[in-house]
Amino acid sequence: MRKGATEPDIPLEAVQSLLTRVIWQAVADLSVETYRSESERFFAGETFVEYCDILGWNVRRARTSLGRFVDSGSRISGNHLLTAAELAAQRPAVAV
């Protein structure tokens, strides 16, 4: 089979940066009810395994680490990590 066109020369660092951003977006989506099931399927699926392979990550450890992060109550807001304490501080005080 002949190759019709050459593959683009994309630096590995650019690919790794994009994949990492996709993973963090999926982590953020875990806290949004509308996207949670799709995000859970991503982390359980073959695409996540392939991303880990490209990033040089151990899949089991990556899943464990991401699970611990989610269980900690921390969340991602834009490009920033917010701890559970920071999230609580952002909520308006409830008058009693």
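As shown above, the structure is provided for reference.
Enquirer: What should I look at first to understand helix α3 (residues 46-55) in this one?
Expert: Buried within α3 we find F48, Y51, C52 and L55. One side of α3 carries all its buried residues, which in axial view fall inside an arc of 100 degrees. Seen from the open side of α3, the exposed residues pointing more than 90 degrees away from its buried face are E46 and D53. Where α3 terminates, the next one or two residues include G56, which has phi positive at roughly 75 degrees.

Enquirer: Help me out: how do you make sense of helix α4 (residues 59-71) in this one?
Expert: Three or four residues apart is the spacing at which side chains of an α-helix point the same way, because the helix has 3.6 residues per turn. Taking 1.5 Å per residue, 13 residues should reach 18 Å; α4 reaches 18 Å between its end C-alpha atoms and fits that length. The backbone nitrogen of R60 lies 3.0 Å from a side-chain oxygen of the residue at the head of α4, namely N58. Phi turns positive, to about 90 degrees, at G73, one or two residues after α4.

Enquirer: How do you make sense of the pattern of salt bridges when you look at a structure like this?
Expert: Pairing is possible between side chains that carry opposite charge, provided their charged atoms lie close to one another. One pass over the full model with this rule turns up one salt bridge. In this structure, the salt-bridge partner of R36 is E33, at a minimum N-O distance of 2.5 Å. On the criterion of helical spacing, the pair formed by R36 and E33 is a turn pair, its members being three residues apart in helix α2 (residues 33-44).

Enquirer: Honestly, the packing of α3 against α4 in this entry has me stumped. Any pointers?
Expert: Describing two packed helices takes the angle between their axes plus the distance from one axis to the other. Between α3 and α4, the least distance of the axes is 10 Å, while the angle of their chain directions is 110 degrees. Between α3 and α4, the angle falls in the class roughly perpendicular. Residues F48, V49 and C52 of α3 lie in contact with α4, whose contacting residues are V59, A62, R63 and L66. Among the residues making up the contact of α3 with α4, the classes are represented as six nonpolar, no polar and one charged.

Enquirer: What's the story with a nonpolar patch on the surface in this structure? I'm lost.
Expert: Among the surface-exposed residues, I10, L12, V15 and I54 lie close enough to one another that they form a single nonpolar patch of about 320 Å² accessible area. Within the fold, V15 resides in helix α1 (residues 12-29).

Enquirer: Just to check I follow, could you spell out the packing of aromatic side chains for this structure?
Expert: The geometry of an aromatic ring pair is captured by two quantities: the separation of the ring centres and the angle between the planes. Applying the stated rule across the entire model yields five aromatic pairs. With a centroid separation of 5.7 Å and 75 degrees between ring planes, the pair formed by F42 and F48 is classed as edge-to-face. Residue F42 is classed as buried on the basis of its relative accessible area of 17%. Take F48: its relative accessible area is 0%, and that puts it in the buried class. Within the aromatic cluster, the residues linked to one another by ring pairs are F42, F43, F48 and Y51.

About the cut-offs
- Residues numbered from 1 in each chain as written.
- Predicted model: local features only at pLDDT ≥ 70, side-chain atom pairs only at ≥ 80, totals over all residues.
- Heavy atoms only, no water.
- Buried < 20%, exposed > 50% of the residue type's maximum accessible area, 1.4 Å probe, protein only.
- Helix = DSSP H or I, 4+ residues; strand = E, 2+ residues; numbered from the N terminus.
- Arc of directions from axis to C-beta.
- Expected span 1.5 Å × (residues − 1).
- Polar contact = N/O pair within 3.5 Å; in protein donor to acceptor, adjacent residues only side chain to side chain.
- Salt bridge = Lys/Arg side-chain N within 4 Å of Asp/Glu carboxyl O.
- Axes fitted to C-alpha atoms, helices over the stretch in contact; angles between N-to-C directions.
- Parallel < 35°, antiparallel > 145°, perpendicular 65-115°, else oblique.
- Contact = heavy atoms within 4.5 Å.
- Nonpolar A, V, L, I, M, F, W, Y, C, P; charged D, E, K, R; others polar.
- Patch = residues over 30% accessible without salt bridge, like charges linked within 9 Å, V, L, I, M, F, W, Y side chains within 5 Å.
- Areas by Shrake-Rupley, 256 points an atom, 1.4 Å probe, with all protein chains shown as cover.
- Phe/Tyr/Trp six-rings, centres within 6.5 Å; stacked < 30°, edge-to-face > 60°.

Without other data, these values stay purely geometric and don't point to any function.
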